[in-house]
Amino acid sequence: MKTQVGIIGGGPSGLLLSQILHLQGIENVVLERQSRDYVLGRIRAGVLEQGLVEMLRDAQVGERMDREGLIHDGFHLAFGGRTERIDLKGLTGGKTVMVYGQTEVTRDLYNARDDMGGLVIDEATDVTPHDIETDAPYLTFVKSGLETRLDCDFIAACDGFHGVGRQSMPKNVLKTYERVYPFGWLGVLSRTRPVDEELIYANHARGFALCSMRSPTLSRYYVQCALDENLDEWSDDRFWDELKTRLPEAAAATLVTGPSIEKSIAPLRSFVAEPMTHGRMFLAGDAAHIVPPTGAKGLNLAASDVYYLSRALIAQYQKDDETGLKNYSKTALSRVWKAERFSWWMTTLMHKFPDQGVFDAKMQQAELDYLTSSKAGMTAMAENYVGLPYQEGDEQ
Ligand SMILES: Cc1cc2nc3c(=O)[nH]c(=O)nc-3n(C[C@H](O)[C@H](O)[C@H](O)COP(=O)(O)OP(=O)(O)OC[C@H]3O[C@@H](n4cnc5c(N)ncnc54)[C@H](O)[C@@H]3O)c2cc1C
């Protein structure tokens, strides 16, 4: 087999890249290790920055999102018995975020790829990149017991944190930076009306809690938990009791509870791999970086990588201009590190750390108090939350 861009991974990064390239007449093939049902069964992110929303519209996959997604103009911070609103729209000159599940984004992208005749090979195992330092890289993979070779001009490794792309980079080239947080998030998805029209981020003496949603009838709630927490010990009742304890009184009183339809524990990690390019292979999304979910940045960072990489590949094919590809790692990383900083800061501000003393708790309260009483403080938070602008022209 032969194509122009071989894409490893059929998550949101790989599918969005595939869709954008296809619309510009650039041939590509996506190799996904899992079955489609498995990929579409994953419950993950749900808050989309405006940059990603616009990319999805431009990629002709925004129709259902615009119909079913919820535009959020702000969110709430609860701490020390108070609840303060961050007015995203007012503080950023009109910017907002869209609440629309990653699962739905992925479904829309799969449907679009199918409708346009895009080639997404599911259940492709043993995907291996070869000769990435040469002008003729290729991928091998096994499908239904048959090994196949896919020759391509470039490889995009959009294969998530545990993917094969980053692992095939030479050890002396790759530098990684990591912080593992000493707690996780216990998340519950329930078919109940969300407790509020907007998200509530709560800093509480018993630990962080988040009230989020996927639709007007589908709620997503989280409580901070220990890393070694046993999921079996968390009945729905226990979860709802703990969540109510950590929420502001008014929210706890109106919280609608119901049976969980998904319950899981996610560890929290900050991670960056540098560089994001080696030879003719480019890393995008979770393959290159992970953020703790506190600032809702994981999926959105994947999108900004795809923005830079797709533009660079289009310039390469349509104008024979390789500048974007040469600068890809530097351009993408500049935004990655800023989102890493925001996610780390918000995680540090909102969570209870195991070694946290009274002084540290007082510092958190003082910072939240300052932040919500200062227009400058709230503006800094709001402009990071809605997403920093993509650097126009920097990729050229
Ligand atoms: C449990 C969980 C909860 C999350 N919650 C949030 C949240 O609330 N908010 C938020 O902003 N972000 C969240 N994230 C992060 C967000 O989901 C990711 O940043 C986003 O999925 C990144 O997209 P991606 O396409 O780069 O990677 P992925 O979505 O991981 O997709 C990578 C794809 O590559 C495939 N793959 C892997 N290895 C191979 C291989 N060797 N060969 C072929 N295919 C391969 C995988 O099966 C997968 O489909 C969460 C992540 C997880 C894991």
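Coordinates for the structure precede this section.
K.L.:
How do you make sense of the nonpolar core when you look at a structure like this?
P.N.:
Within soluble globular proteins, side chains that are nonpolar tend to cluster in buried spots. Judged by nonpolar contacts, the single largest core of 68 residues is most densely connected at L16, L17, L31, L48 and L309. Examining the composition of this core, we find that 10 residues originate from one element, helix 10 (residues 298-319), more than from any other. For L16, the contacting residues outside a window of four places in its chain are L52, M55, L56, A59, L109 and V306. Membership of the second largest hydrophobic core comes to 33 residues, among which are F75, V97, V99 and Y222.

K.L.:
Whenever I open this one, the packing of aromatic side chains confuses me. Can you help?
P.N.:
One pair of aromatic rings is described through two measures. These are the centre distance and the angle between the planes. A full pass over the atoms with the stated rule returns 19 aromatic pairs. Ring centres of Y177 and W337 lie 5.6 Å apart, and the angle between their planes is 75°; this geometry places the pair in the edge-to-face category. With Y177 in strand 13 (residues 175-190) and W337 in helix 11 (residues 323-350), the pair connects residues that are 160 residues apart, well separated along the chain. Among the residues examined, W337 registers a relative accessible area of 35% and is labelled partly exposed.

K.L.:
What is the right way to read the pairing of strand 11 (residues 146-151) from this model?
P.N.:
Where a strand is regular, its side chains alternate between the two sheet faces. Bridge analysis of strand 10 (residues 138-143) against strand 11 gives 6 bridges, and the strand direction is antiparallel. Residue pairing across strands places Y138 opposite D151, the latter belonging to strand 11. As consecutive antiparallel partners, strand 10 and strand 11 are separated by 2 residues, and within that stretch S144 has a phi angle of approximately 50°, a positive value.

K.L.:
Help me understand the site of the ligand, please; the structure alone is not making it clear to me.
P.N.:
Taken together, 27 residues sit near the ligand, with S13, E32, R42, Q102 and D286 positioned nearest. Between the ligand and P12 there is a distance of 3.3 Å, counted from an oxygen atom to a backbone nitrogen or oxygen. Interatomic distance of 2.6 Å between a side-chain N/O atom of E32 and an oxygen atom of the ligand. Bound to the protein, the ligand loses 85% of the 990 Å² it would expose on its own. Those elements that place two or more of their residues in the shell around the ligand are helix 1 (12-23) and helix 10.

K.L.:
Can you help me understand the sheet that holds strand 20 (residues 289-290) in this one?
P.N.:
Each strand in a sheet pairs with another by means of backbone hydrogen bonds, the pair being arranged parallel or else antiparallel. Strand order in the open sheet formed by 8 strands is 6-5-14-15-16-13-17-20, and the pairing between neighbours is mixed. Of all the strands in the sheet, the pair left with one neighbour each is strand 6 (82-87) and strand 20. Two strands pair when backbone bridges link them, and strand 5 (residues 74-79) and strand 6 are joined in this way by 6 bridges, in the antiparallel orientation. When the sheet's bridge partners are listed, H76 is paired in strand 6 with R85. Sheet strands in contact with helix 8 (residues 236-246) are strand 13, strand 14 (200-202), strand 15 (209-215), strand 16 (218-225) and strand 17 (260-274), and its direction is about 80° off that of strand 16. Helix 13 (residues 375-385) contacts strand 5, strand 6 and strand 14 of the sheet and is inclined by roughly 60° relative to strand 6.

K.L.:
Would you mind showing me how to read helix 8 here?
P.N.:
Each turn of an α-helix holds 3.6 residues, which means side chains three or four residues apart point in the same direction. Buried within helix 8 are the following residues: F239, W240, E242, L243 and R246. Mapping the buried residues of helix 8 onto a view down its axis gives an arc of 165°, with all of them on the same face. Packing partners of the buried residues in helix 8 comprise strand 13, strand 14, strand 15 and strand 16.

K.L.:
How should the environment of F79 be read in this particular structure?
P.N.:
Residue placement: F79 occurs in strand 5. C-alpha separation for the pair F79 and T134, spaced 55 residues apart in sequence, amounts to 55 Å. Setting aside residues no more than four positions away along its own chain, F79 makes contact with E84, N203, Q365, L368, D369 and T372.

K.L.:
Mind showing me how you'd approach the packing of helix 12 (residues 358-373) against helix 13 here?
P.N.:
When two helices pack together, you describe them by how their axes are tilted relative to each other and by the distance separating the axes. Relative to each other, helix 12 and helix 13 sit at 95°, their axes nearing to 5 Å. Between helix 12 and helix 13, the angle falls in the class roughly perpendicular. Taking contact as the criterion, the partners of L371, T372 and S373 in helix 12 are, on helix 13, K375, G377, M378 and M381. For the contact of helix 12 with helix 13, a count of residues per class yields 3 nonpolar, 3 polar and 1 charged.

Each value, and the rule that gives it
- Residues numbered from 1 in each chain as written.
- Predicted model: local features only at pLDDT ≥ 70, side-chain atom pairs only at ≥ 80, totals over all residues.
- Heavy atoms only, no water.
- Core = buried A, V, L, I, M, F, W, Y, C linked by side-chain atoms within 4.5 Å.
- Buried < 20%, exposed > 50% of the residue type's maximum accessible area, 1.4 Å probe, protein only.
- Helix = DSSP H or I, 4+ residues; strand = E, 2+ residues; numbered from the N terminus.
- Contact = heavy atoms within 4.5 Å.
- Phe/Tyr/Trp six-rings, centres within 6.5 Å; stacked < 30°, edge-to-face > 60°.
- Pairing = 2+ DSSP bridges.
- Near = heavy atom within 4 Å.
- Polar contact = N/O pair within 3.5 Å; in protein donor to acceptor, adjacent residues only side chain to side chain.
- Areas by Shrake-Rupley, 256 points an atom, 1.4 Å probe, with all protein chains shown as cover.
- Axes fitted to C-alpha atoms, helices over the stretch in contact; angles between N-to-C directions.
- Arc of directions from axis to C-beta.
- Parallel < 35°, antiparallel > 145°, perpendicular 65-115°, else oblique.
- Nonpolar A, V, L, I, M, F, W, Y, C, P; charged D, E, K, R; others polar.

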